[in-house]
Amino acid sequence: MTWRFFGYSIRSSLVKVFLLAVITLGLAFGIILVSQRQMFFKSAEEIAPKMVLLPGKASLRFKIRFQGVTSTAMDKKVAVTIKQAEVAVSGPTIIKVLSDANGLYLGEVVNIAPGTYDIYVKGEAHLRHKFPAVFLNEGINDFDLTGVVLKAGDFDENNQIDIRDVALINAQNTDLNVPITETNRIFDIDGNSAININDVAIVLSNYDSFDVKGD
Amino acid sequence: MKILATIGIAITAFVTLVFGVISPKKTPAGPIISQSAGPATFYMAAPSPTTRIGEIFPIDIKVKADGMTLSAIATRVNYKYESSLAFEPKDADLKKDGIQLKVSSDLAGKGWVFPINQVYIDSEEKLLTIDLAAVNLSPEGFKVDNEITLATIDVLVVASSPRLALAFDSGETKLLTKGGEEATLQLKDGIFAVR
């Protein structure tokens, strides 16, 4: 059987196999490159949310406190949901928050229509907290929300702390100090780059009933 | 033809390897508990199945989890009564608010803490509830040889009752291993009587 390829006639089986191999490998590497590119875009969105404030819109710049963190610590992610009359008008938006020297975290959500909102903030391993009746003017709005500490211990992201969460962090408690990795970092509650009994103790301090839930 | 087939297979293997090693892997959204350990059995035990008015009647909450290495246990026991409570639960720790169970000497000094230990009486709902959670903080967990007593509730029997049925709440009773696995459970309620 003769193949036609860009005007050339190909009869040799060896050449056919070679062509097939080149096409297959090209497709494979193409798919891989596209996959890597998509991953990069995804992480880029998380790390650098759209920071350009549009005219007529409001920006919520906030400072929050995570339980157990008292000095400079690793970056964290939070989910911010903005609601009016219990209806979400924005979010949950996942943003990265950065720690200052006192362990307070700074974050920003931009391009919200000015108005009064209930702001819900949830950490990756923390119960969601509602900050009610926050008024946002046009432009940048700075809010110090550190009067409330976000409670630690919700590892399975169901907005409650139960015995499963306790078991999840206790499963990490296998040595005096367990180094953190990308997969276990959410268990480092105090942000000291290790998982130890102190992190477990913080979670246990919140687990005082079978019904510990976030807002 | 054999050479061609070999080349084809080699190319296929190479592509498979490339996809397997380099391509991004899906990761779960968050840590999850797998339910693969066990089975373990929760049950209650008393010196005898019957008691008398005026007696202090100790009821043990026990777990049979032979060979398992434990990390955390939670249990809720409910007693639904009709007219009045046939017994008064005795407080094992007068320094704390509310009524506490007596935690087991099986577990004392072996890395266990009890973040939840409370007896509630809802006289409107006519419901007595025992909540208990125990967590083992030792890095290696707690290996069970056969069975353990978690805690004991001492009750003063104040009225006769043909049937005292203390039932485990299946939704709130959990046993988790050090590896983070949730055990499948058998729950055997405590059935007692006041003669």
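Here the structure is a predicted model, which is why all the values come from computation and not from measurement.

K.L.:
Quick question: what am I supposed to make of the overall build of chain B here?
P.N.:
Scanning chain B from N- to C-terminus turns up one helix and 14 strands. Looking at chain B as a whole, 33% of its 195 residues are labelled buried. Pairs at least 24 residues apart make up 76% of the contacts formed inside chain B by residues separated by at least 6 positions.

K.L.:
Looking at this model, I keep getting lost on the domain arrangement of chain A. Mind explaining?
P.N.:
In many reports, interface size means the accessible area that the parts give up when they come together. Residue and element names in this part refer to chain A. By the assigned domains, chain A splits into domain 1 (3-47), domain 2 (58-150) and domain 3 (160-213). Domain 2 and domain 3 are separated by 23 Å when their C-alpha centres are compared. Contact residues are listed per partner, giving nine residues for domain 2 and eight residues for domain 3. Its residues assigned to classes, the side of domain 2 that touches domain 3 comprises five nonpolar, three polar and one charged.

K.L.:
Looking at this structure, how should I read the packing of helix 2 (residues 163-172) of chain A against helix 3 (residues 197-206) of chain A?
P.N.:
Helix packing geometry: the angle between the two helix axes and the distance between the axes. All names here are of chain A. The contact between helix 2 and helix 3 brings their axes to 10 Å, and the two run at 175 degrees. Relative to helix 3, helix 2 is oriented roughly antiparallel. Contact with helix 2, carried on its side by Asp-165, Val-166, Ile-169 and Asn-170, involves Asp-199, Val-200, Val-203 and Leu-204 of helix 3 and no other residues of that element. For the contact of helix 2 with helix 3, a count of residues per class yields five nonpolar, one polar and two charged.

K.L.:
How should the sheet that holds strand 8 (residues 129-136) of chain A be read in this particular structure?
P.N.:
Strand pairing in a sheet relies on backbone hydrogen bonds, with the paired strands running either antiparallel or parallel. Residues and elements named next belong to chain A. Taken in spatial order, the seven strands make up an open sheet running 8-7-4-5-6-3-9, and their pairing is mixed. In this open sheet, the two strands that pair with only one neighbour each are strand 8 and strand 9 (139-150). Taking the axes of each pair of neighbouring strands and ignoring which way they run, one obtains an average angle of 30 degrees across the sheet. Of the strand pairs in this sheet, strand 4 (residues 76-84) and strand 5 (residues 87-99) are connected by eight bridges, and their pairing is antiparallel. Paired with Ile-82 across the strands is Ser-90, a residue of strand 5.

K.L.:
Honestly, the confidence of the model for chain A in this entry has me stumped. Any pointers?
P.N.:
Detailed conclusions should not be drawn from predicted coordinates in areas where pLDDT is low. Residue and element names in this part refer to chain A. Of the residues in chain A, 83% reach a pLDDT of 70 or more, and the chain-wide mean stands at 86. By mean pLDDT, helix 1 (residues 13-47) is the weakest element of chain A at 54, and helix 3 is the strongest at 97. The low-confidence segment residues 33-49 (pLDDT under 50) makes eight contacts with residues lying over four places distant or belonging to another chain.

K.L.:
How should helix 3 of chain A be read in this particular structure?
P.N.:
An α-helical turn contains 3.6 residues, so any two residues separated by three or four positions project in the same direction. Along helix 3 of chain A, the residues that are buried comprise Asp199(A), Val200(A), Val203(A) and Leu204(A). The arc that holds every buried residue of helix 3 of chain A, seen down its axis, measures 135 degrees, which confines them to one face. Those residues of helix 3 of chain A hidden inside the fold are in contact with helix 2 and strand 12 (194-195) of chain A together with strand 7 (112-122) and strand 8 (127-136) of chain B.

K.L.:
Teacher, can you tell me more about the nonpolar core here?
P.N.:
The nonpolar side chains of soluble globular proteins are, as a tendency, buried together. Val166(A) and Ile73(B) are the most contacted members of the largest nonpolar core, which has 83 residues in total. Formed jointly, this core draws a minimum of three residues from each of two domains, domain 2 (58-150) and domain 3 (160-213) of chain A. With sequence-adjacent residues up to four places away left out, Ile73(B) is seen in contact with Val63(B), Ala133(B), Ala134(B), Leu150(B) and Leu175(B).

K.L.:
So what exactly am I meant to see when it comes to the pairing of strand 12 (residues 174-177) of chain B here?
P.N.:
Residues in a regular strand point their side chains to alternate faces of the sheet. All names here are of chain B. In strand 12, alternate side chains face the same way, and those of Lys-174 and Leu-176 on one face and Leu-175 and Thr-177 on the other are all buried. In the sheet, strand 4 (residues 69-80) pairs with strand 12 via four bridges, with the strands oriented antiparallel. Its bridge partner lying in strand 12, Ile-73 is registered against Leu-175.

The rules behind each value
Residues numbered from 1 in each chain as written. Chains lettered and ligands numbered in written order. Predicted model: local features only at pLDDT ≥ 70, side-chain atom pairs only at ≥ 80, totals over all residues. Helix = DSSP H or I, 4+ residues; strand = E, 2+ residues; numbered from the N terminus. Buried ≥ 20, exposed ≤ 12 C-beta atoms within 10 Å, placed from the backbone. Contact = placed C-beta atoms within 7 Å. Domains from an automatic or database assignment. Nonpolar A, V, L, I, M, F, W, Y, C, P; charged D, E, K, R; others polar. Axes fitted to C-alpha atoms, helices over the stretch in contact; angles between N-to-C directions. Parallel < 35°, antiparallel > 145°, perpendicular 65-115°, else oblique. Pairing = 2+ DSSP bridges. pLDDT = per-residue confidence, 0-100. Arc of directions from axis to C-beta. Core = buried A, V, L, I, M, F, W, Y, C linked by C-beta atoms within 7 Å.

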